[in-house]
Amino acid sequence: MPYLTKAIHLANRIYRLHHPNHHHYRLGLGLPYYSALIHHNFCSNSRKKDDNNAIDLSQYPTDKIRNFSIIAHVDHGKSTIADRLLELTGTIKKGHGVAQYLDKLQVERERGITVKAQTATMFYDYNNKESNTNYLLNLIDTPGHVDFSYEVSRSLAACQGALLVVDAAQGVQAQTVANFYLAFESNLTIIPVINKIDQPTADPDRVKEQLKSMFDLDPSDVLLTSAKTGQGLEHVLPAVIERIPPPPGKRDSNLRMFLLDSYYDEYKGVICHVAIVDGCLRKGEKISSVATGQSYEVLDVGIMHPELRSTGYLLTGQVGYVVSGMRSTKEARVGDTLFHTRTTVEPLPGFKPAKHMVFSGLYPADGSDFEALSHAIERLTCNDASVSVARESSTALGLGFRCGFLGLLHMDVFHQRLEQEHGTHIISTVPTVPYIFEYSDGSKVEVQNPGAFTSDPKIRVVASWEPTVLATIIIPSEYVGVVINLCSERRGEQLEYSFIDSQRAFMKYRLPLREIVVDFYNELKSITSGYASFDYEDSEYVASDVVKLDILLNGQPVDAMATIVHKLKAQRVGRELVDKLKKFIDRQMFEITIQAAIGSKVIARETISAMRKNVLAKCYGGDVTRKKKLLEKQKEGKKRMKRVGSVDIPQEAFHAILKVS
C-alpha cells in the first residue's frame, strides 16, 4: 500500500501542473481522475491475487474441524506454545521476529501477560496410517491471571477441548486448578501438556504425579514439550485431532451462532467474534440478535488467519468474525445468540454476566480534561466490555467516573491503557468493594462508593454484610506457618488443608474481599519468596461489623478518600492513613489538620505546621508586649488564610493510601 499512496500523490501533482486553473477535479471517492484510475488498477490486481489465494471453507465438514483453547497458570508458556503451533501449520513464518504473536496490546507485551483471549485459524495436513487429510483447527489463546477468568470461560464455550499447560519446574499452580475445573464443568476433553522440559530444574515425573493426584489424569496421556526449543511439539496437533471430538451441529438447520467477544475498529465499526453452532452464514444476509431484537446486514465475514481474512461465509463448527454495522459494543452482548432474520431458533445458553469485584473512582488530573477522559473511557470500554462505568462528582476532585473492575490487575491494566493508548492523566481513588447495609427504616442498600453511605443522623445502620471469596493457595510446605498467620490477620476462615506431594501444600480459605483487594497477593509472594500461587472465586455475603472511615482536612471531609473498614481495624487503618498523608501533603502558609473520623468521633490526628515568617527578627529589645502583639497579629492572619485557603492533594497521596488495608 505505500507504493499505492506514492503513486496517487504523484498523479495529483502531475494533474495540478497540467490543469492549474481547474478546481473541480475531485471525484466522489475524494481522488483525482488519474489517482482514482491507479487506485482501481492496483485494487483490481490485489483482488485477483487474493482470489488466487482464496480459502475454500466448504472442504472442511464438521468432522474435519477441531476447536481448542490453551489454558494454564500465568507465565507457564501458553502464548509461546501458540506461536510454535502457528509456525508449525505455516500460519505465520518462522523467525517472524514478534514473540507472543497473539498478544496484540502494548500492555500485554510490557508485562508479559495475556489480557484478551485471541483466536487464530490454522490449516493442518494430518498424516496418519490410513490417509493424508487436511484439518481446520481453531486455536484460542487465553489469559492466565485470575482477574481474567471471565475471558477464559467465554473462550471455552467455543471449544470442545483444551490443552492444559503446566510448567515442568513449577508444577500445578492455583490458576491451573481453577482453569481445569472451568474446562471440566464445560465437558471439554483435556489434553495435559508439561512445558519447559528443557529447564535445568524441570521435574516432569513429579508434575505427572501431581496431575494424577489432583485431577486424576493418566500420566501416559501427558505430552512433554519445550515451546522454546520446539521439542515434542510435533505430537501436540495429532493429539488434538485424535482426542478432541469435532464440534456438534447441523449444517442444514437454521443459523445459530454464539457471540464470543467484540471490539471496536475505527474503520469497520464493531467486529464480533462468533462461533457457528448450526447452519451457515454468508455475506449480505440479514441477522438478528436474541438479546436486543435488532437486525443487521452482514457486511463482511471471515476467519482470523491470524489477522482478519475475508472468506464471504462461515459454516457449522467454524469460528470467525462478523462485521455487521453495529455502532457500539453495547449492542454486541457477549453470550448472545445471533440468527437469520425471520427465522425462529432456540437461544443458546449464554454466559453469566461479568461480576465486578472492585470499584474505583477515576478523575482527570486537570479538571478541564473531563471531556477528554470521558471520550478515552468510552473508546476503551468499546474494546473491554467487562468494565462498568457511571458518572459521579466529588467535592475534592470534581467530575469523574465510578468504574467497576473484575480485579485489581484488571483495574491496573485499564489505567495503563488509558495513559498509553489515549494519553490521559488520571487520579484514581481507593479501590472499594460492594457492601450491603440495612438501615433502621427497614431499607437495604448496596453501597459501592463510600460517599453514598448515608450521613443522616436519624437513620442508623442495623446490620451490614461484606462480600467474601474462596481462595486457593498452593505453597511449598515450609511456608505453611507464615501463610496461616497472614490469612488469620486478614480475617480468613480455613476450609481445607492438604498436601499435593511431599513438597507442596494446598490450602483453601474463605477471605473477605476487602482484605485481599489491595496488597494481599504481594504480601503472600513476599513471605513465600515468590513461590506461592493464589487464585480466588467469588462467594457469598457474610454478616460483618463495618464502619465508614472519613478523612478530614481542616475539618472538611475529603469524600474521595473515604473508605469502609472493619470496626476492629478502623483505629489502625485511620492512624496509618493520617501518617501517610502527612508525608505527602505539602506545607502551606497556614496550619493543616489531618483527621480520621468515624461519624463525629475522631480516632487519629496529625498536624502539618504552617510556614511562617519570623516577625520578631526586627525586634532587638524593648518590652515583651511588643513581641506578643506582632505574634498575635500573625496568628490572626494565619486564621484568615485557613478559612479561605484550599489544600492541594497530590496524586502521590492517593497512591500512598492504596497500600493501607
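Everything that follows concerns the structure shown earlier in this document.
Described in the following lines is the structure provided in the data block. (Residues numbered from 1 in each chain as written. Predicted model: local features only at pLDDT ≥ 70, side-chain atom pairs only at ≥ 80, totals over all residues. Heavy atoms only, no water.)

So, the sheet that holds strand E10 (residues 286–289)
- Spatially, eight strands are ordered E11-E10-E16-E7-E8-E15-E12-E13 in an open sheet, and the strand pairing comes out antiparallel. This sheet does not close on itself; its edge strands, each paired only once, are strand E11 (295–297) and strand E13 (308–310). Strand-to-strand twist in this sheet, taken as the mean axis angle between neighbours without regard to direction, amounts to 40 degrees.
- Bridge count between strand E7 (residues 256–265) and strand E8 (residues 269–278): nine bridges; the pairing is antiparallel. Across the sheet, Met 257 pairs through a bridge with Ile 276, a residue of E8. (Pairing = 2+ DSSP bridges. Helix = DSSP H or I, 4+ residues; strand = E, 2+ residues; numbered from the N terminus. Axes fitted to C-alpha atoms, helices over the stretch in contact; angles between N-to-C directions.)

Comments concerning the environment of Gly 555
- Structurally, Gly 555 is set in the loop between strand E27 (546–553) and strand E28 (556–557).
- The class for Gly 555 is partly exposed, based on a relative accessible area of 38%.
- Separated by 39 residues in the primary sequence, Gly 555 and Ile 594 have C-alpha atoms spaced 8.0 Å apart.
- Sequence-distant contacts of Gly 555, defined by excluding residues within four places in its chain, comprise Thr 593 and Gln 595. (Buried < 20%, exposed > 50% of the residue type's maximum accessible area, 1.4 Å probe, protein only. Contact = heavy atoms within 4.5 Å.)

Brief notes about the environment of Leu 137
- Checked against the element boundaries, Leu 137 lands in strand E3 (residues 132–141).
- Look at Leu 137 and you get buried, because its relative accessible area is 0%.
- Setting aside its immediate chain neighbours within four residues, Leu 137 contacts Arg 66, Phe 68, Ala 120, Thr 121, Met 122, Tyr 124, Leu 237 and Ile 241.

Quick notes on the side chain of Arg 206
- Considering the arrangement of structural elements, one finds Arg 206 in helix H7 (residues 204–215).
- Polar contacts involving the side chain of Arg 206 include one to the main-chain carbonyl oxygen of Ala 169, which spans 2.9 Å.
- Apart from the residues within four sequence positions on either side, Arg 206 is in contact with Ala 168, Ala 169, Asp 501, Gln 503 and Arg 504. (Polar contact = N/O pair within 3.5 Å; in protein donor to acceptor, adjacent residues only side chain to side chain.)

Some remarks on helix H11 (residues 480–489)
- Inspection of H11 places Val 480, Val 483, Leu 486 and Cys 487 among the buried residues, and these make up the whole buried set. The buried residues of H11 all sit within an arc of 125 degrees when viewed along its axis, so they share a single face.
- Where the residues of H11 are buried, they touch strand E23 (461–476), strand E24 (493–499), strand E25 (504–512) and helix H13 (520–527).
- Arg 491, located one to two residues past H11, shows a positive phi value of around 60 degrees. (Arc of directions from axis to C-beta.)

Here we look at the sheet that holds strand E18 (residues 388–394)
- One open sheet holds the four strands; their spatial order is E18-E19-E17-E20, and the pairing between them is antiparallel. Here the strands that pair on one side only, and so sit at the sheet edges, are E18 and strand E20 (426–428). Strand after strand, the sheet turns through a mean of 30 degrees between neighbouring axes, direction not considered.
- As paired strands, strand E17 (residues 358–364) and E20 are joined by three bridges and run antiparallel to one another. Each bridged residue has a counterpart across the sheet, and for Leu 362 the counterpart in E20 is Ser 428.
- Packed onto the sheet, helix H10 (residues 408–422) meets E17, strand E19 (398–405) and E20 and runs at close to 20 degrees relative to E17.

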